[in-house]
Structure formats: structure tokens, C-alpha cells
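Per-entry structural report
So you can see what is in the structure, the chains are spelled out below.
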Amino acid sequence: MKTAGHSEATTRRGLELTPFRGLRYDPDRVGSLASVTSPPYDVVVRPDGLHHLQSADPHNIVRLILPQAGTPSARTEQAADTLRRWLAEGILVADPEPGLYVYEQRDGDGMVQRGIIGTLRVSEPAEGVVLPHEDVMPPVVADRAALMRATRANLEPLLLTYRGDGTTDGVGAGTAAEVVERTAGRPPLLATTTEDGFRHRLWSVTDPVDLAGIQKDLAGRQALIADGHHRWATYRRLRAEHPSPSPWDYGLVLLVDTVRYPLRVRAIHRLLHGLPVADALRAVTGLFRVRRLDVPLANALAALADASCAGNAFLLAGDGAFHLLDRPDPRLLARTVPADRPAAWRSLDATVLHATLLEHVWRIPEDSPAHIAYIHDTAATVEKAERDGATAVLMHPVREEVVRDLARQGVTMPRKSTSFGPKPASGLVLRALEV
């Protein structure tokens with residue numbers, strides 16, 4: 001089975017998911033399981049969300065995934081010391097035998113997502129097994145690598161999707177989907193509801209027949225990175241640093257079959273520090289059509305969705321109103337968007353934002369935290385822009401089919417182009433390399 005964009009000589013081994021002894025919080029040693037969980041490290045809105053999570057419980061997982069200290073080396077050392085202490089004190093305890101984990105998330109609207117957590121063989125993009133769809137920022141990879149080296153642990157699973165053979169109505173006996181559904185009918189290892197309203201349940205799968213069925217089913221499949229490009233790049237870096245075989249040959253993942261459980265795809269918004277909305281609007285005058293919208297956020301997002309059907313569109317916020325940018329000057333796009341990429345890539349909103357607006361119009365470096373922040377929560381982005389006198393750029397989400405098609409062509413999207421979800425909660429199951 002070959003994929004477009006890769007050499008016919010490439011032999012694909014498929015997804016190799018292996019059991020591990022998960023580290024989990026002892027519920028008798030913490031306030032509650034919900035109080036020690038966190039969103040993934042790059043979704044936490046700092047500093048407000050970080051402080052809130054730190055105060056929720058002294059053992060909240062953010063103390064490991066986002067340690068706070070004066071220098072990078074002090075931060076990683078602090079995380080390693082904290083993990084060692086929690087293990088010694090029995091706050092975190094390893095499960096008695098290796099297994100894979102079935103993980104379920106439910107929200108109040110009836111949405112259900114189930115997947116399998118395990119350690120996946122780390123592969124290179126040329127193998128066509130795990131497909132990235134976004135570029136990464138080297139400083140973030142370096143930061144995550146330093147944290148994993150110091151703790152010798154995978155502290156939170158990244159989110160991968162694959163396309164199973166089944167439908168939502170039936171599954172074949174012995175397949176990964178069948179094991180997931182059957183396992184979800186048993187009493188779980190843990191169940192908790194986090195403050196965002198999501199209910200989380202976790203089961204272990206240790207039966208050798210079930211494990212073999214899952215592994216056989218996944219062996220011929222290909223996965224798309226839905227969330228966690230920087231962590232996957234970190235896994236690749238750490239594997240390259242350690243002679244094989246080693247525990248670094250594998251990394252912690254959650255695999256979701258999107259035939260059965262389609263993910264939600266949302267946008268990741270930009271907060272432009274030091275750029276007032278008035279200055280941003282002045283710079284785009286004559287280059288985009290600009291319309292002021294004195295409406296609530298939901299109405300403004302609906303207008304953005306309508307405008308996106310006809311072409312590139314963005315919402316600017318931060319001055320108490322919303323400003324809809326659309327209909328960019330074709331001559332501007334021809335001059336600023338690279339012409340050596342597929343048409344689907346050239347037409348992406350994220351491409352036009354980064355290549356045209358950030359680089360040429362506003363002249364803002366996309367990889368500088370001092371100039372730009374990437375925020376998943378729409379309302380939080382607007383609130384921070386208004387509070388800081390900055391500009392929020394609100395984006396419309398890209399469809400999953402577009403993301404997958406580009407990834408299969410070997411084409412990566414601009415960084416932070418999409419937000420797939422729901423994302424796994426951090427803190428429910430961890431992996432220590434030595435356990």
C-alpha cells in the first residue's frame with residue numbers, strides 16, 4: 001500500500017502500537033481526578049489558565065507539563081524533581097501489567113469519542129505511516145525535548161486519527177473497533193467529569209487476544225497527526241539521539257478511528273501583541289475589503305463563515321468591535337503567496353495570513369512569542385486583545401478532508417492551522433520510560 005508523494009520503493013510497516021504500564025494518579029492521594037487534569041500544554045491560556053490549574057490541586061499535571069521557574073534548565077529540572085517525588089510518595093502509581101487503554105470522552109450535547117492509548121513506533125515522514133500536516137517551531141520542539149529528557153517520560157498523549165474499515169453501525173470481530181466497543185461496556189478504571197463538562201472514562205486492555213487483534217488491525221493503517229505536531233517532532237528527535245533499540249523508539253499517542261468518531265475541526269486564532277487594531281486596519285486599506293461589525297461574537301463568526309465560502313476571510317478584534325476582512329486583492333496574493341505549492345495550499349486562510357498579512361503587510365515574525373500568540377479559545381482571544389490593546393485575528397476552520405489530502409501529498413500547512421478535538425485530557429495516563 002503506497003501513498004501519494006512518497007517513493008514507490010518505500011516499504012511501509014504500518015502503525016505499530018505496543019502496550020505499556022501506564023502511570024496514573026492514586027485517587028485517594030489527590031483532591032479529585034478532575035482537579036489534577038489539564039488541557040494539553042499548548043492549549044492552556046497563560047498566565048490565567050495556568051494559575052487556575054495550579055491552584056486547583058497541588059498535584060495538577062501542569063506542574064509537570066508547564067513547570068514554572070526562572071530559566072529553561074531550572075524548569076526542566078523542577079519537572080523531573082516533581083515527577084520523582086510524586087512517584088516516591090505514591091501520588092502517581094504504575095499499573096501492574098502492560099496494556100493498551102481505551103479512552104472515552106463525552107460532552108453534554110451527546111458527542112462521544114473513543115480511541116486507544118498506547119506507545120507507537122516513531123517513524124519518519126518518508127515512511128508514510130504517520131502524516132504531519134503542519135510545520136513546527138524549532139524552539140518549541142527544543143523545549144519539549146528538554147522536558148522529556150529530564151523527566152524520561154511522555155507526560156501526555158498526542159492525538160492521531162486513522163480511517164478504519166467499519167461503519168458507525170457495525171464492526172468486525174477482533175478488530176480494533178470491536179475491542180474498543182466491547183471494552184467500553186465494562187466498568188472503567190476511572191471516570192471523572194472535568195470543569196468543561198466533558199466526562200472521561202478509561203479502561204485497560206491486557207488480554208493477549210485483544211491486544212493481538214488491535215495490533216493486527218492497525219498494522220496496515222496510516223495515521224494523521226491531529227494534535228501534537230511538536231510532540232511528534234520531539235519523539236523523532238529523541239529517538240535519533242538514542243541508539244535503537246531503546247524506549248525512545250516509541251511515543252505515547254491516542255489513536256481515534258474517524259470513520260466511527262469524526263473529530264471536530266476548529267480554528268486556532270492569533271493574538272498580535274503590540275499591534276493596535278487601528279494600525280492593523282490602516283495597513284490593509286485598499287488591499288482587502290473591510291467591514292465593521294457591531295454585533296455579538298456569535299454573529300461575527302457567522303459572518304466570517306459566510307465570507308469564507310467565497311474566499312479568504314478573517315475577523316479582526318480588540319477595539320470593542322469586529323472587522324471582517326475579505327476579498328483580498330488578487331495582485332497582492334500573486335505577489336506574496338509562494339507559487340510552487342498546490343492550489344489547495346495557496347488558497348488556505350492560514351497561508352494568506354502568514355505569507356501575505358503577517359510577513360508583507362504587518363511585518364510580524366510568526367515564530368516570536370513577543371509578537372504573536374496562538375490561542376484556541378475564541379472568546380479568550382478577543383478578551384486578551386481588548387485588555388492588552390492588541391489585535392486578535394479570528395480564523396475559520398479548515399475541513400478535515402482538506403487537511404488529510406494535503407498530508408497525503410506530503411504538503412504541510414502553515415503552523416497552527418487547525419485545532420482537532422476533543423483533545424485528550426492530560427493527567428489521566430502517563431508513560432515513564434523506565435517503568
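Below, the structure is looked at part by part. All values derive from a computational prediction rather than experimental measurement.

1. Here we look at the environment of Pro-67
Considering the arrangement of structural elements, one finds Pro-67 in the loop between helix 2 (62–65) and helix 3 (72–89). Assessed through its relative accessible area of 8%, Pro-67 is described here as buried. A C-alpha to C-alpha distance of 33 Å links Pro-67 and Leu-316, two positions 249 residues apart in sequence. For Pro-67, the residues in contact, after removing those within four places along its chain, are Val-62, Arg-75, Gln-78, Ala-79 and Leu-147.

2. Topic: helix 4 (residues 138–151)
Its 14 residues place the ends of helix 4 20 Å apart at the C-alpha level, agreeing with the 20 Å of an ideal helix rising 1.5 Å per residue. Taken together, the buried positions of helix 4 are occupied by Val-141, Arg-144, Ala-145, Leu-147, Met-148 and Thr-151. Burial along helix 4 is one-sided: seen end-on, the buried residues are contained in an arc of 165°. Opposite its buried face, helix 4 presents the exposed residues Pro-138 and Pro-139, each directed more than 90 degrees away. Contacts from the buried residues of helix 4 go to helix 2, helix 3, strand 7 (153–154) and helix 7 (229–241). Just downstream of helix 4, Arg-152 is the residue with a positive phi angle, here 50°.

3. Here we look at the layout of surface pockets
Summary: where empty space remains is shown by rolling a probe the size of a single water molecule over the atoms. Put simply, the largest pocket is a space of about 1300 Å³. Every residue lining the largest pocket is counted, 45 residues in all, and those nearest its centre are Pro-39, Val-43, Asp-196, His-376 and Asp-377. Elements with a contribution of two residues or more to the lining of the largest pocket: helix 1 (48–56), strand 13 (264–266), helix 9 (297–308), helix 13 (378–388) and strand 20 (419–421).

4. With respect to the packing of helix 3 against helix 4
Contact geometry for helix 3 and helix 4: axes closest at 8 Å, N-to-C directions at 35°. Relative to helix 4, helix 3 is oriented so that their crossing is right-handed. Contact residues: helix 3 offers Thr-76, Ala-79, Ala-80 and Leu-83, while helix 4 offers Ala-146, Leu-147, Ala-150 and Thr-151. A class-by-class count of the residues in the contact of helix 3 with helix 4 yields six nonpolar, two polar and no charged.

5. Quick notes on the pairing of strand 17 (residues 322–326)
Across the five residues of strand 17, five count as buried, placing the element largely inside the fold. Of the pairings in the sheet, the one linking strand 15 (residues 289–293) to strand 17 comprises five bridges and is antiparallel in character. Residue Arg-291 lies in a different strand from strand 17, and its bridge partner there is Leu-324. For strand 16 (residues 313–317) and strand 17, the ladder comprises five bridges, and the chain directions are antiparallel. Of the residues in strand 17, the one forming a bridge with Ala-313 is Asp-326. Hairpin geometry of strand 16 and strand 17 is characterised by an intervening segment of four residues between the two adjacent antiparallel strands and by a positive phi of about 140° at Gly-318.

6. What about the environment of Glu-386?
Mapped onto the fold, Glu-386 is located in helix 13. Glu-386 gets classed as partly exposed once you look at its relative accessible area, which sits at 42%. In this structure, the C-alpha to C-alpha distance between Glu-386 and Ala-317, residues 69 residues apart in sequence, is 7.6 Å. If we ignore the near neighbours within four places in the chain, the residues touching Glu-386 are Gly-318, Asp-319 and Gly-320.

7. What to know about unusual backbone geometry
With an omega dihedral of 0°, the bond running from Ser-244 to Pro-245 counts as a cis peptide bond. Among the secondary structure elements, Pro-245 is positioned in the loop between helix 7 and strand 12 (250–257). Positive phi outside glycine occurs at Arg-152, with the angle close to 50°. Within the secondary structure, Arg-152 sits in the loop between helix 4 and strand 7. For Arg-152, a relative accessible area of 31% corresponds to the partly exposed category. Although it is not a glycine, Arg-363 adopts a positive phi angle of roughly 55°. Tracing the backbone shows Arg-363 in the loop between helix 12 (349–361) and strand 18 (372–375). What makes Arg-363 exposed here is its relative accessible area of 63%.

Rules of the game
Residues numbered from 1 in each chain as written. Predicted model: local features only at pLDDT ≥ 70, side-chain atom pairs only at ≥ 80, totals over all residues. Heavy atoms only, no water. Helix = DSSP H or I, 4+ residues; strand = E, 2+ residues; numbered from the N terminus. Buried < 20%, exposed > 50% of the residue type's maximum accessible area, 1.4 Å probe, protein only. Contact = heavy atoms within 4.5 Å. Expected span 1.5 Å × (residues − 1). Arc of directions from axis to C-beta. 1 Å grid on protein atoms, 1.4 Å probe; cavity = no way out; pocket = protein on both sides within 12 Å on 5 of 7 lines; lining within 4 Å. Points joined across faces, edges and corners; volume = space filled by probe spheres on them. Axes fitted to C-alpha atoms, helices over the stretch in contact; angles between N-to-C directions. Left-handed = near helix turned anticlockwise from the far one by under 90°. Nonpolar A, V, L, I, M, F, W, Y, C, P; charged D, E, K, R; others polar. Pairing = 2+ DSSP bridges.

Keep in mind these numbers describe shape, not what the thing actually does.
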